Amino acid sequence: MTDWDKIAIEKIKSAPQPPEDYIRLSGPCERDSIVNGDGLRAVVWTQGCPNHCKGCQNPETWDFEAGTLAKISDVLDILKTYEGQAGLTFCGGEPFAQPKACKEIADYVRKNLGWNVWSFTGFTYEQIQAAGGDALEFLKSLDAIIDGPFILSQKDLSLRFRGSKNQRLLHLEPGTAKIKSIE
Ligand code: SF4
């Protein structure tokens, strides 16, 4: 394990959490997105990211005190009105910095709306596995992650849903988080 891995795992474990039953959002929920995963997708934009990648397109989402605290039940009420979506994608900010809140939303839309669930993360699959706890439980709620930090020197906008060559699109088995395939 590298020093970078150790620092990332500590960031996952120490991220400030929203109050119980709340999630911190950086913007309103979206629908019909075609750029954040396969098919038409709803998007939940989380607020707060400890990764601070050079060249990040959304630095305004880094601050854990900014954005809006939203009741998870209110977010679900909005998502329920979105018809014709293939799934939901969590974008950031860093969704794995609020894993408990994100998992609650992920589990609800899978069970009640029949959606698949993807998430972007600046952490790697291996770092999330090593962190365990709520982050690993959220990982188990997902069908796919786009993992790893954005690295400006490896920028490549030809990749599907990814910004830099180090990032991977990992298709996962919901319930176990086993890797089914890697793009
Ligand atoms: S992980 Fe994403 S939101 Fe966070 S700094 Fe990196 S690119 Fe920006």
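Residues numbered from 1 in each chain as written. Predicted model: local features only at pLDDT ≥ 70, side-chain atom pairs only at ≥ 80, totals over all residues.

Caption draft 1: Inspection of the nonpolar core at higher detail. Membership of the largest hydrophobic core comes to 39 residues, with the highest contact counts inside it found for Ile12, Ile105, Val109 and Leu142. Counting residues per element, this core draws most heavily on helix α3 (residues 99–113), which supplies six residues. Those residues in contact with Leu142 that sit more than four places away from it in its chain are Ala106, Val117, Trp118, Ser119, Leu172 and Pro174. (Core = buried A, V, L, I, M, F, W, Y, C linked by C-beta atoms within 7 Å. Buried ≥ 20, exposed ≤ 12 C-beta atoms within 10 Å, placed from the backbone. Helix = DSSP H or I, 4+ residues; strand = E, 2+ residues; numbered from the N terminus. Contact = placed C-beta atoms within 7 Å.)

Caption draft 2: Structural view of the site of the ligand. Surveying the vicinity of the ligand reveals 13 residues, the closest of which are Cys49, Asn51, Cys53, Cys56 and Gly122. Tallied by class, the residues present in the shell around the ligand amount to five nonpolar, seven polar and one charged. (Near = placed C-beta within 6 Å. Nonpolar A, V, L, I, M, F, W, Y, C, P; charged D, E, K, R; others polar.)

Caption draft 3: The arrangement of the sheet that holds strand β5 (residues 87–91) in detail. Ordered in space as β2-β3-β5-β6-β7-β8-β9, the seven strands form an open sheet in which the pairing is mixed. Two strands lie at the open edges of the sheet, namely β2 (30–33) and β9 (178–182), each paired on one side alone. Shown here is a sheet whose adjacent strand axes are inclined to one another by a mean of 25°, direction ignored. As paired elements, strand β7 (residues 144–147) and strand β8 (residues 168–173) share four bridges and run antiparallel to each other. For Ile145, the partnering residue across the bridge sits in β8 and is Leu170. The sheet strands contacting α3 are β3 (41–45), β5 and β6 (116–120), and the helix crosses β6 at an angle near 155°. (Pairing = 2+ DSSP bridges. Axes fitted to C-alpha atoms, helices over the stretch in contact; angles between N-to-C directions.)

Caption draft 4: Main features of unusual backbone geometry. A cis amide bond links Gly92 to the next residue, Gly93, at an omega of -5°. As for its placement among the helices and strands, Gly93 is situated in the loop between β5 and α3. Phi is positive for Phe161, which is not a glycine, with a value near 65°. Structurally, Phe161 can be placed in the loop between β7 and β8.

Caption draft 5: Focus on helix α1 (residues 3–14). In this model α1 runs 16 Å from its N-terminal to its C-terminal C-alpha over 12 residues, within 8% of the 16 Å that 1.5 Å per residue would give. The complete set of buried residues in α1 reads Ala8, Ile9 and Ile12. Summarising the axial view, the buried residues of α1 lie within an arc of 100°, below the 170-degree limit, and thus occupy one face. Along α1, the residues that are exposed and aim more than 90 degrees away from the buried face are Asp3, Lys6, Ile7, Glu10 and Ser14. Summarising the contacts, the buried residues of α1 are in contact with α4 (125–131) and α5 (133–139). (Expected span 1.5 Å × (residues − 1). Arc of directions from axis to C-beta.)

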